[in-house]
Amino acid sequence: MFEGQELGGAGVVSRLEAGTAALQAELTGLAPEALDDASLVDGLAALEVAKAACAAAQARLTERLVESRAQAARRLRHEARACADAGDFDGWVLARDRARTLELEPEAPGTLGPRPRAASGGDRDGARSRSARRLTLSRTGLAAEVALARRESPARGSRLATTAVALVRHLPRTLEALSAGVLNERRAEIVVRVTSHLQPSVRSRVDAEVVGAHLDPADAAAGVGGWGDRELERRVRACADRLDAEAAVERCRIAEAERRVTIRPVPDTMALVTALLPVAEAVAVHAALTRAAMSAKALGDERGKGQVMADTLVELVTGQATAVDIPVEVQVVMTDRALLAGDESPAHVPGYGPVPAGWARDLLSRAVHSPSDASRCGGQGGQGDSDGSDGSADAVSPRTAKVWVRRLFTHPRSGTLVAMESTRRLFPEALRRFVVARDGTCRTPWCDAPVAHLDHVVPHANGGATSATNGQGLCVRCNIVKEQPGWRSRVVEPPPVHGDDPPHTVETTTPTGRRYSSTSPPVLPLTDRGEGPSHAQAPRRPAATSQVVVLELYRTVETELAG
């Protein structure tokens, strides 16, 4: 399709776009109902081969982008050395930092590979210094561009970029299998991951012995194409350990240093807390929870085994006698009618997403009138107490949650929060909470990471205001990328739709000139406020905004310090 690349980059890209558009039109016009079962299965197999070939082409394009930036970085490093020789400290710093932003990895340009091994063993933590972590974050710009182009998160973009470099430079037979549709992209990533600790020469030997020796492009189901994920990983790992046993030990040490605990939301107001631990410690934790569950069941506990294990985990980690006594802050955004009049418009938990209004009311009720707390306080529940000083009210009992109610306002149709602003450079606490509630997660397209930094879209040093309009929530990685040379952001104001103000929109321009827009999501579904039985008897607000409330629940627990 792409012969005659002497036409230049623009010609190749034009032909690629034309070929992609033709394929897309062909697939869109596909009529599955006209095919028999055998043809349907054949079509699925053919498309799987096409997907793998596209992934291989993306890998080659990505590697070339990495190499192009590496060449530019090498030129800047030469400039930095010249500045150093001339005693130009400012020029040296500028050229050095610019070179770092163009590189994909901390290693020397053009030699992307495994991390250098530690000089000595015995360091279980293997923790990187703060400066090393800063260096790694300064090299996220290229990965961010790859992520945006592939509509993936920045973390996923980084993995795709390093995978592409490994395939093209060190794993040619795996790349060949991917191009032929023998391996799909997921299995190619398995080979990359399992060999990531090896030196380039050893990595290529593993590729040749495991993939190359069992590759049959004429029969995708034969040899390596017939292995499942676990079989492929087992064979690659066995070969890697045989060729470099020392690296295998080092890999285990590095993996142990990367132990961590993460959390991510799952449906139905639940969340998944995952602990990555060394296998011995993980087995010990699971065994301890199992013993606790079996003991509770033997004593007549009516909860299921899994429920007891989950509750025991929470109680052991938090150090509280019961799971409901956890010191915690929870923000819930909901309409005033959902809170006070039984309206069923879904509420919103920043960083999590929509939750049923009934669940939010139940959370508030349990926080203020916890049975266990009432029994400890002589049977008295929390008493409401409005101070009237800042439009907030709280309900407090000696051991129950303190609930602050703050009023915010949303647009009646779009459901997005309206503006607040400040004359200070740093975002005040109220404005910070407002922006976090409005954005929910990092505003970079396809990122979805939790908000860690409040950022001025137009930098404060360039005259940008500290306001909700000029503010956005970003994760650490995306905020650092935004400040790198060649990246630009601005607030755009699309034309009103049906007479309504548009939601908050930020346009980001990458160093290559590509533009991506990010629109703040509706906090609450207010587009149909006048419809449905729950609004039949509720008077419509004449104001241009709709009132919502943010419930901030703080549970305080008394502690005793041993003398």
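A closer look at the overall build of the chain
Here comes step 1: Helices and strands together make up the secondary structure of the chain, namely 18 helices and 16 strands.
Here comes step 2: Residue burial in the chain is summarised as follows: out of 563 residues, 37% are buried.
Here comes step 3: For the chain, contacts bridging at least 24 residues in sequence account for 61% of all contacts bridging at least 6.
Here comes step 4: Counting every atom, the chain has about 31500 Å² of accessible surface; 56% of that belongs to carbon and sulfur.

A look at unusual backbone geometry
Here comes step 1: Unlike most non-glycine residues, D268 shows phi in positive territory, near 65°.
Here comes step 2: With respect to the helices and strands, the residue D268 is situated in the loop between β1 (260-266) and β2 (270-276).

Quick word on the environment of L40
Here comes step 1: Considering the arrangement of structural elements, one finds L40 in helix α2 (residues 37-85).
Here comes step 2: Apart from the residues within four sequence positions on either side, L40 is in contact with P32 and L35.

A look at the packing of helix α12 (residues 279-298) against helix α13 (residues 305-318)
Here comes step 1: Interhelical geometry of α12 versus α13 gives an angle of 120° and a closest axis separation of 8 Å. Of the possible angle classes, the one that applies to α12 and α13 is oblique. Here the hand of the crossing between α12 and α13 comes out right-handed. Taking contact as the criterion, the partners of H286, L289, T290, A292, A293, M294 and A296 in α12 are, on α13, K305, V308, M309, T312, L313 and L316.
Here comes step 2: Partitioned by chemical class, the residues of the contact of α12 with α13 number nine nonpolar, three polar and one charged.

Thoughts on the state of the cysteines
Here comes step 1: Within the structure shown, the criterion is met by zero disulfides.
Here comes step 2: C447 forms no disulfide, and the closest cysteine sulfur to it belongs to C442, at a distance of 3.8 Å.
Here comes step 3: Judged by relative accessible area, which is 11%, C447 ranks as buried.

Topic: the sheet that holds strand β13 (residues 488-492)
Here comes step 1: With antiparallel pairing, three strands are arranged side by side in an open sheet as β13-β14-β15. Every interior strand has two partners, whereas the edge strands, β13 and β15 (515-519), have only one. Averaged over all neighbouring strand pairs, the angle between strand axes comes to 25°, with direction disregarded.
Here comes step 2: Direction of pairing for strand β14 (residues 505-509) relative to β15: antiparallel, over a ladder of five bridges. Across the sheet, residue E507 finds its bridge partner in β15, namely S517.

Re a nonpolar patch on the surface
Here comes step 1: A cluster of nonpolar side chains, L23, L27 and L47, forms an exposed patch at the surface whose accessible area comes to about 240 Å².
Here comes step 2: Secondary-structure assignment places L23 in helix α1 (residues 9-28).

Considerations on the environment of G225
Here comes step 1: Among the structural elements, G225 can be located in the loop between α9 (200-211) and α10 (229-243).
Here comes step 2: For the pair G225 and R187, spaced 38 residues apart in sequence, the C-alpha separation works out to 9.7 Å.
Here comes step 3: Each residue touching G225, except ones within four places of it in the same chain, is listed here: V182 and A220.

Details of the packing of helix α8 (residues 185-194) against α10
Here comes step 1: Interaxial distance between α8 and α10 falls to 10 Å at its minimum, and their mutual angle equals 25°. Relative to α10, the element α8 is oriented roughly parallel. Like other packed secondary-structure pairs, α8 and α10 cross with a definite hand, here right-handed. Facing R186, R187, I190, V191, R193 and V194 of α8, the residues of α10 in contact are D229, L232, E233, V236 and R237.
Here comes step 2: Class assignment for the residues of the contact of α8 with α10 results in five nonpolar, no polar and six charged.

Side note on the pairing of β15
Here comes step 1: The two faces of β15 differ: Y516 and S518 on one face are buried, but R515, S517 and T519 on the other face are not.
Here comes step 2: A loop of five residues connects β14 with β15, the two strands running antiparallel in sequence, and G513 in this loop sits at a positive phi of about 95°.

A few points about the confidence of the model for the chain
Here comes step 1: For the chain, mean pLDDT is 77; residues scoring 70 or higher make up 71% of the total.
Here comes step 2: Below a pLDDT of 50 lies the segment residues 1-5, which in the model reaches seven contacts outside its immediate sequence neighbourhood of four places, other chains included.
Here comes step 3: With pLDDT under 50 throughout, residues 527-546 is counted as low confidence; its partners more than four residues away or in other chains account for 30 contacts.

Looking at α10
Here comes step 1: The terminal C-alpha atoms of α10 lie 21 Å apart, and with 15 residues this matches the ideal 21 Å at 1.5 Å per residue to within 8%.
Here comes step 2: Among the residues of α10, L232, V236, C239 and A240 are the ones counted as buried. Each buried residue of α10 lies within a common arc of 100° when the element is viewed along its axis, so the set occupies one face. For α10, the exposed residues lying more than 90 degrees away from the buried face are R230 and R242.

Things to note about α9
Here comes step 1: Taking 1.5 Å per residue, 12 residues should reach 16 Å; α9 reaches 16 Å between its end C-alpha atoms and fits that length.
Here comes step 2: For α9, the set of buried residues is V202, R203, V206, D207, V210 and V211. Along the long axis of α9, the arc covered by the buried residues comes to 145°, so they all point the same way.
Here comes step 3: Buried residues along α9 sit in contact with α6 (154-169), α7 (172-179), α8 and α10.

Calculation notes
Residues numbered from 1 in each chain as written. Predicted model: local features only at pLDDT ≥ 70, side-chain atom pairs only at ≥ 80, totals over all residues. Heavy atoms only, no water. Helix = DSSP H or I, 4+ residues; strand = E, 2+ residues; numbered from the N terminus. Buried < 20%, exposed > 50% of the residue type's maximum accessible area, 1.4 Å probe, protein only. Contact = heavy atoms within 4.5 Å. Areas by Shrake-Rupley, 256 points an atom, 1.4 Å probe, with all protein chains shown as cover. Axes fitted to C-alpha atoms, helices over the stretch in contact; angles between N-to-C directions. Parallel < 35°, antiparallel > 145°, perpendicular 65-115°, else oblique. Left-handed = near helix turned anticlockwise from the far one by under 90°. Nonpolar A, V, L, I, M, F, W, Y, C, P; charged D, E, K, R; others polar. Disulfide = S-S within 2.5 Å. Pairing = 2+ DSSP bridges. Patch = residues over 30% accessible without salt bridge, like charges linked within 9 Å, V, L, I, M, F, W, Y side chains within 5 Å. Salt bridge = Lys/Arg side-chain N within 4 Å of Asp/Glu carboxyl O. pLDDT = per-residue confidence, 0-100. Expected span 1.5 Å × (residues − 1). Arc of directions from axis to C-beta.

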